[in-house]
Amino acid sequence: MRQVLDVSGISMRFGSIRALDDVSFGVGAGEIVALVGENGAGKSTAVRAVARALLPDAGTISVAGEELGRSPRAAIDAGVAVVWQDLALCENLDVTANLFLGRELGRGGALRRVAMHTETTAVFRDLGVRIPELDRPVERLSGGQRQLVAIGRATIGRPKLLVLDEPTAALGVRESQVVLDVVRRLRDRGVAILMVSHNLDEVFDIADRIVVLRHGRVAADLHRSETHHDDVVALITGVDVDSTANQHLRRLHSLAEQLADADQSVVLPLTVSSLSGALGIERVALYTEAGVDEDGRTILRCSASLKLPGELAEAIGPIVVGRDDNFVATAAAEAAIVTVPDLRAATGSELARRAATAGLVGAWAAPVVGQRGTMAAIVGFTDTVGQLQPDQVQLLELFSTMAGAAIDRGRLVETLRVQNRSLEGLHGVLETLAGPELVSGSMSLALDAVCRGLNAQAAHLFVDVGEGWAVRERSSGADDRAHAAVDTAVLEGAEADAIRVDRFDWSRGRAALACWWGEAIPPPEAGQLLAGAANSFRLAMERELTAEAEREAAALQRSREFERELARRLGHELRTPLTAIRGFASTMLQPDVQWPESEKARFLGVIETEADRMGRLVAQLFDDSAIESGTLRLDMNYCDLVAAVDRAASIAAPPGVITTDLPERLPVWADSDRLEQVFVNLFANAVRHNAEGTKVRVTLADESPADGAVAIAVRDDGVGIPEHELGYLNGDHDDRHEMGGLGLRLVRGFVRAHGGTVRAQVGGGTTVIVTLPLDEETT
């Protein structure tokens, strides 16, 4: 095996303390070496020396045959990567940023985020693990995921040696296994791995060799397959592994580790099993809390027994603390160990009598006490008369104390888990109600979040409509029975034990938030959390009212703008015909002039023409306002598009100015008058705003329209329309005030009302392409 790390004779002092004394060991390629020892044995100092965070006073450290330089940078350049116990991650940065921290990929001063993200994905894929969201801040990852991020950062540079400082110290069993699997994959890839660990079970599970440090010296360098767990314990502690005290120490150490990760349901069985072995007492029974009686006294019931005679195990019944007169009840009531040297002498106790009848002689009971008092009792039976020895009493007290602490820990964890779920639910409520979605559309989602947070089966929001309560919104996922229970509780006032209601006031009256737990009992914090959720709903409903008021104000403002715009347009568009009518009428009415009949007829003709023009302008202005406000109504029917174009050409220009090259007939479903007006306005715009002699040609568009549509191109050879009007027609902006007249506004409005499009382009004149849908029967 090729040697990767060679530590030779390193020593280090800190004042008068010798941290390392002539320490030598090595790690080969594709090998895992575990560095174990008690606190203060020198493990961390040795790791820091390898990483060059500390420099030894004597000795050498080489990697791949080359002696390491004296700086951490030199160790990194030599291929040494370290994952420290505190992980050294930036909590506020995401996974990718942590992997590339200090070695970001960039070009020209800009980060190549996509490349870094791709490389990060590849790193975790090579490790055989998956981090769900690489853009999530590290502070929101689990402990196992953070450990994997730290390992990923260490391996991104393909190190020769990977040093792991307590990689699973803060992890649970499942997360520890994931990390250990990753370490195995790295070993199989040929990486040399030095792992510091206090968990000997993991060490024996994964390590190839075990280096034991004691008082700064190498106590042993062992192959895992050639040694035993107890031998390593003996080398670490310096105590004979076969001594009674050490056996008890190992049992307590093992029990403490098991209780730290055990579910609450197995805490007491683990304790009883370990205690039986420690005391050498085989017959043990376990009494656990089973509720209270009508007077509030704790009831203990035998939940498990070990090697008790069958008749006694069946006869053991519940014990009421404070009522029954036996040694188990006394131990629980007084929270103290009670011994019965001879059961045959305890004639007043039914439990003692039954045990003596079953052939048992002595007994003892030890309470398991937690923060809320006695939670259980461990009972042992012996075949001989006698008291417990002082060391047995101490062991019994220690074991029961550990069991009580473990149960309290389990209850605390469960309480925190419930509270965390509740807070996450309330956070979901706040996020949902405060998000960009309309409140009316997010109420149901927020109620679902309430159910998740409080572990309820249904949640309803009620409002008082003046004549009583009414349901505004319900959570999803509940059945009719759940909805009926909540509705009955609030609408009829028949609240039940499984229902909690929080009533609150808001701007429009009263409201209520109600939750139903079905057959379960609401958690103690349900009232407080429900009040917090109700306040979130109140704020959301007030926000909804504010948004509604803002919408109404915006609509009123827009209506006033419409009125001002209409008045402005009337003044602008009607000024010319009104001036002509007024001028010719006043001319005819002059008393000192006698106009010939021919002149009078001409004057009246002009007045009539301008009056007609004014009427058309008024109609167009109303059409424009209808388009603006979205109230335009079309009189749809079958009509011929070619005929509409021909009529428009005859109205808008003298003969010869406009030529058409269209099919004989193009039937469409449209408003014939509005369609004709579109082309009248386009032709008039081309003729009036260009030099005399400008020609207009109407053809099918060069490009093919979508199926079920027809595209007509109106081309002129004039100077082209202004850029802002071109942008308006093409939909680049909607500033109607930039338009000089009504013509193009009505063109765009009428065509869009038909479901069509208008597009204009300038080049050798102006080309306007009008695309209209055809009726399905004519396509």
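Rules of the game
- Residues numbered from 1 in each chain as written.
- Predicted model: local features only at pLDDT ≥ 70, side-chain atom pairs only at ≥ 80, totals over all residues.
- Heavy atoms only, no water.
- Salt bridge = Lys/Arg side-chain N within 4 Å of Asp/Glu carboxyl O.
- Helix = DSSP H or I, 4+ residues; strand = E, 2+ residues; numbered from the N terminus.
- Buried < 20%, exposed > 50% of the residue type's maximum accessible area, 1.4 Å probe, protein only.
- Phe/Tyr/Trp six-rings, centres within 6.5 Å; stacked < 30°, edge-to-face > 60°.
- Contact = heavy atoms within 4.5 Å.
- Core = buried A, V, L, I, M, F, W, Y, C linked by side-chain atoms within 4.5 Å.
- Pairing = 2+ DSSP bridges.
- Axes fitted to C-alpha atoms, helices over the stretch in contact; angles between N-to-C directions.
- Parallel < 35°, antiparallel > 145°, perpendicular 65-115°, else oblique.
- Left-handed = near helix turned anticlockwise from the far one by under 90°.
- Nonpolar A, V, L, I, M, F, W, Y, C, P; charged D, E, K, R; others polar.

Caption draft 1: Here's a closer look at the pattern of salt bridges. Under the counting rule described, the total for this entry stands at 28 salt bridges. A salt bridge links Asp 702 to Arg 715; the shortest N-O distance between them is 3.0 Å. Of this pair, Asp 702 sits in the loop between strand 26 (696-700) and strand 27 (709-716) while Arg 715 sits in strand 27, and the two are 13 residues apart along the sequence. Assessed through its relative accessible area of 22%, Arg 715 is described here as partly exposed. Through salt bridges with shared partners, one network takes in Arg 18, Asp 21 and Arg 217.

Caption draft 2: Structural context of the packing of aromatic side chains. Tallied over the entire structure, the rule returns three aromatic pairs. On the basis of an interplanar angle of 85 degrees and a centroid distance of 6.4 Å, the ring pair of Phe 327 and Phe 381 is categorised as edge-to-face. With a gap of 54 residues between them, Phe 327 in helix 12 (residues 327-334) and Phe 381 in strand 18 (residues 373-382) connect regions that are remote in the sequence. Take Phe 327 and Phe 381: they sit in the same class, and that class is buried. Between Phe 679 and Phe 683, the aromatic rings sit 6.2 Å apart at their centres with planes inclined by 40 degrees, giving tilted as the arrangement. With a gap of four residues between them, Phe 679 and Phe 683 both fall in helix 21 (residues 672-688), about one helical turn apart. Among the residues examined, Phe 679 registers a relative accessible area of 0% and is labelled buried.

Caption draft 3: Quick peek at the side chain of Thr 120. Relative to the elements of secondary structure, Thr 120 occurs in helix 4 (residues 113-127). Filtering out sequence-adjacent residues up to four positions away, Thr 120 remains in contact with Val 95, Thr 96, Leu 99, Phe 100 and Leu 134.

Caption draft 4: Quick look at the nonpolar core. Core analysis: the biggest nonpolar cluster contains 48 residues, and Val 36, Phe 124, Leu 162 and Val 232 have the highest contact counts within it. Apart from residues lying up to four places away in sequence, Leu 162 is in contact with Ala 81, Val 83, Ala 154, Thr 155, Leu 186, Val 191, Ala 192, Ile 193 and Leu 194. Residues Ala 648, Ala 649, Val 668 and Ile 712 belong to the second largest nonpolar core, which totals 42 residues.

Caption draft 5: Broad picture of the sheet that holds strand 5 (residues 66-67). Reading across from one edge, 2-1-4-5 is the order of the four strands in this open sheet, with antiparallel pairing throughout. Of all the strands in the sheet, just strand 2 (17-28) and strand 5 have a single pairing partner and so form its edges. When strand 1 (residues 3-14) meets strand 2, the two strands line up antiparallel, connected through eight bridges. Counted as the bridge partner of Leu 5 is Val 27 from strand 2. Contacts from helix 1 (residues 43-50) reach strand 1, strand 2 and strand 4 (58-63) within the one sheet, and its direction differs from that of strand 1 by about 120 degrees.

Caption draft 6: Structural view of the packing of helix 5 (residues 143-155) against helix 6 (residues 173-188). Two numbers describe how helix 5 lies on helix 6: the axes approach to 9 Å, and their chain directions differ by 15 degrees. Taken together, the axes of helix 5 and helix 6 lie roughly parallel to each other. Regarding helix 5 and helix 6, the two cross each other, and that crossing is right-handed. Contact with helix 5, carried on its side by Gly 143, Gly 144, Gln 147, Leu 148, Ile 151 and Thr 155, involves Glu 175, Val 178, Val 179, Val 182 and Leu 186 of helix 6 and no other residues of that element. Of the residues that constitute the contact of helix 5 with helix 6, the class distribution is six nonpolar, four polar and one charged.

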